[in-house]
Amino acid sequence: MTTRVSAPKHATAPVAVLVAGAAALAFALAGCSGGSGGSGQTAGASSSTDEKPVSGGNLTFALSSELGCIDPQQVGNNDDIAIARQTVASLTTQDPKTGDIKPWLSSSWKVNTDASSFTFTLRAGATYSDGTPIDAESVKQNFEGIQALGAKATLGSTYLSGLKDVQVVDPRTVQVDFNGPSAQFLQATSTFSLGLVSDASTKLSVADRCAGKFAGSGPFTVKSFTPQSEAVLAKRDRYDWGSSTNAHTSEAYLDSVTFKVVPEASTLTGSLSSGQIDASADVQVTDLPQFDGNGFWVLNRTNPGVVYNLYLNAKTPAFADQSVRQAISKAIDRKAEAKLLTQWDKPATSVLSSSTPYWTDESSLLMQDVTGAKRLLDDDGWKVGGDGIREKDGQKLSFKLVYWQPSNDELQLVQQELKAIGIDLQLKQTTIADATATNNGTQALSWGNLTRADPDVVRTVFSARGTQNNNHRAAEPVDDLLDQQAATTDAKARQKLVDQATQQLIKEAWSIPVYQLSTTIAASEKVHDLKFEASSRLDFYDAWLSN
Amino acid sequence: MLRYLARRLLQGVFVLWAAYTLSFLILFTLPGDAATVAAAGGGDAGSVDPKLVEQLRHEYGLDQPLWLQYLRALGRALHGDFGSNPQTGQPALHEVTQVLPNTLGLAAAALLLAVVVGFLLATLSTFPRASWLRQTLGALPPLGAAVPVFWIGLLLLQWFSFHLRWFPSLGDQGFRSLVLPAVTLAVPTGAYIAQLLSRSLRLTLGRPYIEQVRAKGAGEARVHFAHALRNAVLPTLTMVGVLIGNLLAGTVVTETVFSRTGVGRLVVQAVGDRDLPVVQVVVVFAALVFVVSSLAVDLVYPLIDRRIVLGRAAAIA
């Protein structure tokens, strides 16, 4: 790494050397100060925000997976979301610090007591990038359009499930009614999935929408989109409805953002360190330390939602046995798991990650206890066989896990820990297509997480009455708790229900949390205020480049 | 001659059909389909709603019997419609033709480089008097063929892009972005040409007629270029079809390492996404290139060696 220091023209040579030395010292200090950890949600050596933002410039941001569809209402892939999020504004916004829902395109809203009817009052003066106004009628068109997209709107259609109808009360008031309680809907209105596009855009073909030909409501518009490789977003002139959780409300500071796909990890690292790209959230964990200081900064945030879990299938005879499930959970050392991640990652402490609203620290229920695990299995009659694997009535505790996530190291640690208590876990990493097709309910166990900044995500993943039902369970009392939290708007009452449900899922070991997913931005020093929003999606609106 | 051409064209059509059908069947034997991939969202939805998969499968027409899907797809393909990417709705043919010029440009630059370097190395390794020089030059091609392409790419990037900053590490705009990928891709192909050509040059140089040419007083240069090379080049020419195939395969790695858009990278993504239409367009295209280049090579033979007559079996003993 070369550090260029331009000394004043009149300075003599020794002064120049001194300046260079001081600069080097400053860099070294910056390197030391990084990584001291933060509030638990965000950490890392961020760029200082004392300077006043300046407008202009293009930020080049690298993504690692090929670009598919960048329509915010259809998108599901993390890298595509990074682009889509910037093109739309939402009815509400979520405070990344508190998880509270705050005004954006709606200045206020009302929710009825059982969370089945929501009335939004829209702010005046906001428009889509094709010039049409953002009014109640267009909100109706959007929500009905998402329903019509059906399964293609992978996230949005689930947020709107049970939608009865959308009524235009007056041009600035819209009422959304559900068939039953849907407390999650308010948070859903803050997501990109329910972000608003113009009426004409809701009628475009799926292909045109995916290719970014829609007119959005956000601070950036799609200037060009090349499938696979590149997307360029341009600042929208006269945008002045920035969300209440951002640092400013007028036009974005950046003139444009260029997203480039760099599939090879070492090319990405080299391109960032040699200044050919400005920032990325896809730098490999092992390469991150070199960007902590040295003219760069990193920012890490835990993704909200359900943490990475082992889902045991209730239809597997051994896992119908609660002792076996509990023994597996007790065998896992979650602190050791976190050490395999970045230096800023913290161990999993509940079903929900620590950055999720309504999260409560349940780490006392998730301590490693190898002797306790062995005792549970011994007492239950599982005897260690000649090969070190426990068995009972000719049935062996030997299972195979098929997964596609980049969790090799973390799962290999689980494999060793389970081996120590006499359980054999075979691991097979494969493609998304292969893993998704294999894990169709016939496998003994599966692996996954789900990002969402609302506790209702627990119901989505675990409820026996839901469509995912990852444990393939029959309904139990915990499902009533999950349904009740979905119908409760009072924060205290909902907190109590969420706590009870998560504790029960952990105690019965239906949920076996292993580690929290996090996202880490690595950026050059000239990039400022590139942030995470509440769902740990990237937010370029406040970002700016120093000259 | 016309009958020969007609027979070759018919064979070509058969090869294209076989490539189309095999790629269809192979992709169907892989677990998972476009619907499961779309439902998984590619991101963090580790768990997939089975109802959603069923619904998408219906929308994509993947719930139809296999033979019906095949016949329909084949019927459309005969009219030039290979179907659309199920997730983005873009026509597959358009997706491929959009990035094809990039790949062709890269492959052409690499082929040119490989041919020049390959010929140079082959002749130089048989030409000099000093045996140490011959041996050193002769050792280069096996080395070039043995080193993996991605490693060469990363090494070149490390030095010429990240360290010296002479060339960009990403993208496909302009000549400068073409240099490193073309060199990367040319190394194994050039090495292969050099190996083949130097072996057959050495063989040819040992033939009695070369002795006669030398006895007549011809210099080494004349012996090499006027007499030996022309005969020695035939076995290498035979391999041109295979070499072009290798080049296209090499673009997969090269385009990924250098973040270039292109057919190689597109097809890897398409296989992962179970995007059958795009895979089939690329496979059929690759088969077409193979058919055309083999035919072209066969037509060129008689121009180089007058003893070869097309369409007659066992023309040379």
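Just so we're clear, the structure is a prediction, and the values are computed from it rather than from any experiment.

Asker: Break down the nonpolar core for me, with residues and values.
Answerer: Residues and elements named next belong to chain A. Ranked by size, the top nonpolar core spans 71 residues in total, and within it Phe-61, Phe-143, Phe-185, Phe-259, Leu-530 and Phe-540 carry the most contacts. In terms of residue count, helix 3 (residues 136-149) provides more of this core than any other element does, five residues in total. Residues contacting Phe-185, with those up to four places away along its chain left out, are Phe-118, Phe-120, Phe-143, Tyr-159, Leu-160, Val-176, Phe-178 and Leu-194. With 31 residues, the next largest nonpolar core counts Ala-318, Leu-418, Ala-509 and Val-514 among its residues.

Asker: How would you explain the side chain of Arg8(B) if you had to name every residue and give the values?
Answerer: Residue and element names in this part refer to chain B. Position of Arg-8 relative to the elements: it lies in helix 1 (residues 2-29). Judged by its relative accessible area of 15%, Arg-8 is buried. Separated by 2.8 Å, the side chains of Arg-8 and Tyr-4 make a polar contact. Look past the residues within four positions of Arg-8 in its chain and what remains in contact with it is Ser-294, Leu-295 and Asp-298.

Asker: Lay out the sheet that holds strand 20 (residues 445-451) of chain A in plain terms, naming residues and giving numbers.
Answerer: Residues and elements named next belong to chain A. Strand order in the open sheet formed by three strands is 20-14-21, with antiparallel pairing between adjacent strands. At either end of the open sheet lies a strand with only one pairing partner, and these are strand 20 and strand 21 (512-515). Neighbour-to-neighbour, the strand axes of the sheet open up by a mean angle of 35 degrees, direction not taken into account.

Asker: Describe the packing of aromatic side chains, naming the residues involved and giving the relevant values.
Answerer: Residue and element names in this part refer to chain A. As enumerated under the stated definition, the model contains 22 aromatic pairs over all chains in all. Ring centres 5.3 Å apart and planes at 80 degrees place the aromatic pair Phe-259 and Phe-540 in the edge-to-face group. Taken together, the positions of Phe-259 in strand 11 (residues 256-261) and Phe-540 in the loop between strand 25 (538-539) and strand 26 (544-545) put the pair 281 residues apart, joining distant regions of the chain. There is no split in this pair, since Phe-259 and Phe-540 are both buried. Among the aromatic residues, those joined into a ring-pair cluster are Phe-118, Phe-120, Phe-143, Phe-178 and Phe-185. Arg-325 extends its terminal NZ or CZ atom over the ring of Trp-510, reaching a point 3.5 Å from the ring centre. The cationic tip of Arg-452 hangs over the ring face of Tyr-159; the distance from NZ or CZ to the ring centre is 4.1 Å.

Asker: Quick one: what's the story with the packing of helix 7 (residues 149-163) of chain B against helix 8 (residues 176-205) of chain B, residue by residue and with numbers?
Answerer: Residues and elements named next belong to chain B. The geometry of helix 7 relative to helix 8 is characterised by a closest axis approach of 9 Å and an angle of 145 degrees between their N-to-C directions. As helix 7 packs across helix 8, the resulting crossing turns out to be right-handed. When helix 7 is examined against helix 8, the residues Val-149, Ile-152, Gly-153, Leu-156, Leu-157, Phe-160 and Ser-161 are found in contact with a partner set consisting of Leu-180, Val-183, Thr-184, Val-187 and Pro-188.

Asker: Before we move on, could you go through the interface of chain A and chain B and cite the residues and values that matter?
Answerer: Every contact between the two is made by 50 residues of chain A and, on the other side, 48 residues of chain B. Across the chain A to chain B interface the summed buried area is about 3,800 Å²; carbon plus sulfur atoms make up 56%. Between the two partners, chain A and chain B, sit two salt bridges. Notably, a salt bridge pairs Lys152(A) with Glu59(B), separated by 2.7 Å at the nearest N-O pair. Looking at the side of chain A that touches chain B, the elements with two or more residues in it are helix 7 (206-210), strand 11, helix 8 (265-273), helix 14 (432-438) and strand 20 of chain A.

Asker: An account of the environment of Thr430(A) is requested, with residue identities and associated values reported.
Answerer: Residue and element names in this part refer to chain A. With respect to the helices and strands, the residue Thr-430 is situated in the loop between strand 19 (424-429) and helix 14. Here Thr-430 falls in the buried class, since its relative accessible area comes to 17%. Put simply, Thr-430 and Lys-52 are 378 residues apart on the chain and 47 Å apart in space, counted from C-alpha to C-alpha. When residues no more than four places from it in sequence are discounted, the contact partners of Thr-430 are Val-402, Tyr-403, Trp-404 and Ala-435. A distance of 2.8 Å separates the side chain of Thr-430 from the side chain of Asp-434, its partner in a polar contact.

Here is what the cut-offs are and how they apply
Residues numbered from 1 in each chain as written. Chains lettered and ligands numbered in written order. Predicted model: local features only at pLDDT ≥ 70, side-chain atom pairs only at ≥ 80, totals over all residues. Heavy atoms only, no water. Core = buried A, V, L, I, M, F, W, Y, C linked by side-chain atoms within 4.5 Å. Buried < 20%, exposed > 50% of the residue type's maximum accessible area, 1.4 Å probe, protein only. Helix = DSSP H or I, 4+ residues; strand = E, 2+ residues; numbered from the N terminus. Contact = heavy atoms within 4.5 Å. Polar contact = N/O pair within 3.5 Å; in protein donor to acceptor, adjacent residues only side chain to side chain. Pairing = 2+ DSSP bridges. Axes fitted to C-alpha atoms, helices over the stretch in contact; angles between N-to-C directions. Phe/Tyr/Trp six-rings, centres within 6.5 Å; stacked < 30°, edge-to-face > 60°. Lys NZ or Arg CZ within 6 Å of the ring centre and 35° of its normal. Left-handed = near helix turned anticlockwise from the far one by under 90°. Buried area = accessible area lost by both parts, 1.4 Å probe. Salt bridge = Lys/Arg side-chain N within 4 Å of Asp/Glu carboxyl O.

Any functional reading would require information beyond the geometric quantities listed.
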